[in-house]
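Letter by letter, the chains look like this.
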Amino acid sequence: MRAVGLLGVRAIVTGIRPAVARTMTSLEFDMRALGTHATLREALKFCMRSVTSAPR
C-alpha cells in the first residue's frame, strides 16, 4: 500500500472476508491508510463521487 501511495494514488479494498480482516487486525495492519468498502459497487460509487468533486 505504501508503494501505491508513492505513485500518488489511493488504494481501495473491497470485500474483505472476516477471516482476512481478523488476520489484518492481529498483524496490527493500519487500515486508516486504505479506503475500505463492503462491496465493489460501494467502492465504485465512492470513486465516481471523488472524481466529480475533485478540484480541477
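Each value, and the rule that gives it
- Residues numbered from 1 in each chain as written.
- Predicted model: local features only at pLDDT ≥ 70, side-chain atom pairs only at ≥ 80, totals over all residues.
- Heavy atoms only, no water.
- Helix = DSSP H or I, 4+ residues; strand = E, 2+ residues; numbered from the N terminus.
- Contact = heavy atoms within 4.5 Å.
- pLDDT = per-residue confidence, 0-100.
- Expected span 1.5 Å × (residues − 1).
- Buried < 20%, exposed > 50% of the residue type's maximum accessible area, 1.4 Å probe, protein only.

## Comments concerning the environment of R10
Then step 1. With respect to the element layout, R10 can be found in the loop between helix 1 (2-6) and strand 1 (12-14).
Then step 2. Along the backbone, R10 and G35 are 25 residues apart, and their C-alpha atoms lie at a distance of 7.5 Å.
Then step 3. Discounting chain neighbours no more than four positions away, the residues touching R10 are V4, L34, G35 and F46.

## Looking at the confidence of the model for the protein
Then step 1. Per-residue confidence for the protein averages 84 on the pLDDT scale, and 95% of its residues sit at or above 70.
Then step 2. Predicted confidence in the protein is weakest over helix 1, with a mean pLDDT of 81, and strongest over helix 3 (residues 40-53), with 90.

## Brief notes about the side chain of H37
Then step 1. If you trace the backbone, H37 turns up in strand 2 (residues 35-37).
Then step 2. With sequence-adjacent residues up to four places away left out, H37 is seen in contact with I12, V13, T14, G15, E42, A43 and F46.

## A look at helix 3
Each α-helix winds once per 3.6 residues, and so residues spaced three or four apart point in a common direction.
Then step 1. End to end, helix 3 covers 20 Å across 14 residues, agreeing with the expected 20 Å (1.5 Å per residue, within 8%).
Then step 2. The buried fraction of helix 3 amounts to one of the 14 residues, a small share that puts the element mostly on the outside.

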